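Letter by letter, the chains look like this.
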Amino acid sequence: MIHLSGARKRYQVGEVAIEVLKGVSLEIARGDFVAIMGPSGSGKSTLLNIIGCLDFLDAGEYTLDGQSLTVSSEEELCTIRNQRLGFVFQQFNLIPRISAQRNVELPLVYADVDSATRRSRASALLAQVGLAERADHTPAQLSGGQQQRVAIARALINEPDVLIADEPTGSLDSAAGVEIMQIFRTLNESGITIVMVTHENEVAAYAKRIIRLRDGQLERTPREALQ
């Protein structure tokens, strides 16, 4: 599903050009669950942003399910993000003043989906993540783990092919983190491809394999079948 070949990305910091990705090549199959790991500054978040169409390559090729995105416009990437990708971040990014139900519905509001369909799909997803009885609660009335479950439901509302997760347990205690990762495992078992950045070995253990980066390059590309 995901194919990167010779991916390069650099950022200009003052007069200095910093190369963050240095020719990364990898493939992620449909239905895979991949954890991207590496030390701070290794390029893992940049790689995730490229895969999530949040940033552009400076060189190399990026293909998503057979569609080349290497020279896509921002408008085209926005459409891909909206229709084919779902995002879960360390910070939940929920709107404080509206309910969990409305937060989950929000992407469908932007897609101009009718209200009855929005309510039905959001309610079903909140039930799927175990929050049916808290649909009318605002984020301030929910625990961190519950807020992240709302964020997962929101990420799934457009039925994405790939779920992009950036440190999804980073703001949670260990018990809530386990709950979130069990949800991720169930979603992957249902066929959703997951690409996740984490620095925690316990979290990476939920993935089917690990990609390790160091200094903008693949440290190794093992098939780590984690127990």
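Refer to the structure above for everything that follows.
The structure displayed is predicted, hence computed values, not measured ones.

Enquirer: Help me out: how do you make sense of the nonpolar core in this one?
Expert: Burial of nonpolar side chains together is a common tendency in soluble globular proteins. Judged by nonpolar contacts, the single largest core of 40 residues is most densely connected at Phe33, Val150, Ile152, Leu163, Phe184 and Met196. Counting only elements with at least two residues in this core, the list comes to strand S3 (33–37), helix H3 (100–110), helix H4 (115–128), helix H5 (144–156), strand S7 (162–166), helix H6 (174–189), strand S8 (193–197) and helix H7 (201–204). The contact partners of Val150, leaving out residues within four places of it in the chain, are Leu94, Ala100, Asn103, Val104, Leu126, Leu131 and Leu142. Counting residues in each nonpolar core, the second largest holds 29 residues, with Ala7, Leu48, Tyr62 and Ile80 among its members.

Enquirer: Would you mind showing me how to read the environment of Ile157 here?
Expert: As for its placement among the helices and strands, Ile157 is situated in the loop between H5 and S7. Through-space distance from the C-alpha of Ile157 to that of Arg185 is 18 Å; in sequence the pair is 28 residues apart. If we ignore the near neighbours within four places in the chain, the residues touching Ile157 are Val104, Pro107, Leu108, Arg121, Ala122 and Leu125.

Enquirer: Is there a simple way to think about the sheet that holds strand S5 (residues 67–68) in this case?
Expert: Whenever strands of a sheet pair, they do so through backbone hydrogen bonds, lying parallel or antiparallel. As summarised here, the arrangement of the 4 strands in space is S2-S1-S4-S5, forming an open sheet in which the pairing is antiparallel. Of all strands in the sheet, those bounded by a partner on one side alone are strand S2 (16–28) and S5. Bridge count for strand S4 (residues 59–64) against S5 is 2 bridges, and the pairing is antiparallel. Paired with Leu64 across the bridge in S5 is Gln67. Across the face of the sheet, helix H1 (residues 44–51) comes into contact with strand S1 (2–13), S2 and S4 while running at roughly 60° to S2.

Enquirer: Honestly, H6 in this entry has me stumped. Any pointers?
Expert: The α-helix winds at 3.6 residues per turn, so residues separated by three or four positions along the chain end up facing the same way. Along its 16 residues, H6 runs 22 Å from first to last C-alpha, staying within 8% of the 22 Å computed at 1.5 Å per residue. Residues of H6 that are buried: Ala176, Gly177, Ile180, Met181, Ile183, Phe184, Leu187 and Asn188. Looking down the long axis of H6, one finds its buried residues gathered within 150° of arc, a one-sided arrangement. In H6, the exposed residues that point more than 90 degrees away from the buried face are Ser174 and Glu189. Just downstream of H6 lies Gly191, where phi reads positive at about 115°.

Enquirer: Hey, could you run me through the packing of H3 against H4 in this one?
Expert: Remark: H3 packs on H4, axes separated minimally by 9 Å, with the N-to-C direction vectors making an angle of 125°. If you check the angle between H3 and H4, you find them oblique. The two elements H3 and H4 cross, and the hand of that crossing is right-handed. Mapping the contact onto sequence places Ala100, Gln101, Arg102, Val104, Glu105, Leu108 and Val109 in H3 and Arg118, Arg119, Arg121, Ala122, Ser123 and Leu126 in H4. Here the contact of H3 with H4 is built from residues that sort into 6 nonpolar, 2 polar and 5 charged.

Quick notes on the rules
Residues numbered from 1 in each chain as written. Predicted model: local features only at pLDDT ≥ 70, side-chain atom pairs only at ≥ 80, totals over all residues. Heavy atoms only, no water. Core = buried A, V, L, I, M, F, W, Y, C linked by side-chain atoms within 4.5 Å. Buried < 20%, exposed > 50% of the residue type's maximum accessible area, 1.4 Å probe, protein only. Helix = DSSP H or I, 4+ residues; strand = E, 2+ residues; numbered from the N terminus. Contact = heavy atoms within 4.5 Å. Pairing = 2+ DSSP bridges. Axes fitted to C-alpha atoms, helices over the stretch in contact; angles between N-to-C directions. Expected span 1.5 Å × (residues − 1). Arc of directions from axis to C-beta. Parallel < 35°, antiparallel > 145°, perpendicular 65-115°, else oblique. Left-handed = near helix turned anticlockwise from the far one by under 90°. Nonpolar A, V, L, I, M, F, W, Y, C, P; charged D, E, K, R; others polar.

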